Amino acid sequence: MTSISSQIADQKIPGDKTIPDHIIDGSIVIDSVEAFKSILKQYPQNASLLKAYSDFLTKNKLFDLAAKSYAEASNLFIKEGKILQAIVSKKLEWRIKPAEKKETKLFLNALKKG
């Protein structure tokens, strides 16, 4: 495993994987919120990377930020047509911040439209 600081170039690491791919599969470990935010600025539409960030926030007990991030990841997954990943992200959000009935209905409607 490699640890990476906030100075990350927008390039591929040897092989066919991008930096987000390595972060998602765990072969690169991000050790700070600032470093993760820096990478997310370069890849703002990467739902899997955003979910990894949410997991990182949860692990570091930053629950409010994690819930918001899981919600955003869920929305991105829906836009990508990745319904199972959207449901997983939403479930993780709701473990932190339980959903109200209205929010549940909105989410189910978004899945239908997906």
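Look up a bit, the structure's there.
Treat the numbers as computed from the prediction; the structure is a model and nothing was measured.

What follows covers helix H4 (residues 63-80). Over its 18 residues, H4 runs 25 Å from end to end, which matches the ideal 26 Å to within 8%, given 1.5 Å per residue. Considered for burial, the residues of H4 that qualify are Ala66, Ala67, Ser69, Tyr70, Ala71, Ala73, Ser74, Leu76, Phe77 and Ile78. Turning to H4, the residues buried within the fold contact helix H3 (47-59), helix H5 (83-96) and helix H6 (101-113). Downstream of H4 by a residue or two, Gly81 has a phi angle that is positive, lying close to 80°.

Turning to its location among the elements, Leu49 is positioned in helix H3. According to the relative accessible area criterion, Leu49 is buried, its value standing at 0%. In this structure the C-alpha to C-alpha distance between Leu49 and Asp21, which are 28 residues apart in sequence, comes to 7.9 Å. Aside from chain neighbours lying at most four places away, what touches Leu49 is Pro20, Ile23, Ile24, Phe36, Ile39, Leu40 and Tyr43.

This part is about H3. Along an α-helix, a turn takes 3.6 residues, which lines up residues three or four apart on a common side. Relative to the 18 Å expected for 13 residues at 1.5 Å per residue, H3 spans 18 Å between its end C-alpha atoms, a close match to the ideal helical length. Of the positions making up H3, those classed as buried are Ala47, Leu49, Leu50, Ala52, Tyr53, Ser54, Phe56 and Leu57. After H3 finishes, the residue Lys61 shows a positive phi value of roughly 60°.

For Lys90, the position within the fold is in helix H5. Exposure remark for Lys90: the relative accessible area of 7% places this residue in the buried category. Reaching out from Lys90, the side chain makes a polar contact with the side chain of Glu93 at a distance of 2.9 Å.

What follows is about the pattern of salt bridges. Inspection of every chain in the model, using the stated rule, returns five salt bridges. Two residues, Lys90 and Glu93, come together in a salt bridge whose shortest N-O distance is 2.9 Å. With Lys90 and Glu93 both in helix H5 and three residues apart, the pair spans about one turn of that helix. Where Glu103 meets Lys90, a salt bridge forms, and the shortest distance between an N and an O atom there is 3.9 Å. Highlighted residues: Glu103 in helix H6 and Lys90 in helix H5, separated in sequence by 13 residues. By relative accessible area, Glu103 is classed as partly exposed at 24%. Among the ionic contacts, a cluster of salt bridges with common partners joins Lys90, Glu93 and Glu103.

A few words on unusual backbone geometry. Even without a glycine there, the phi angle at Lys61 is positive, about 60°. Note on placement: Lys61 falls in the loop between H3 and H4. Looking at Lys61, the relative accessible area reads 63%, which means it is exposed.

Conventions we followed
- Residues numbered from 1 in each chain as written.
- Predicted model: local features only at pLDDT ≥ 70, side-chain atom pairs only at ≥ 80, totals over all residues.
- Heavy atoms only, no water.
- Helix = DSSP H or I, 4+ residues; strand = E, 2+ residues; numbered from the N terminus.
- Expected span 1.5 Å × (residues − 1).
- Buried < 20%, exposed > 50% of the residue type's maximum accessible area, 1.4 Å probe, protein only.
- Contact = heavy atoms within 4.5 Å.
- Polar contact = N/O pair within 3.5 Å; in protein donor to acceptor, adjacent residues only side chain to side chain.
- Salt bridge = Lys/Arg side-chain N within 4 Å of Asp/Glu carboxyl O.

That's the geometry; what it means functionally is another story.
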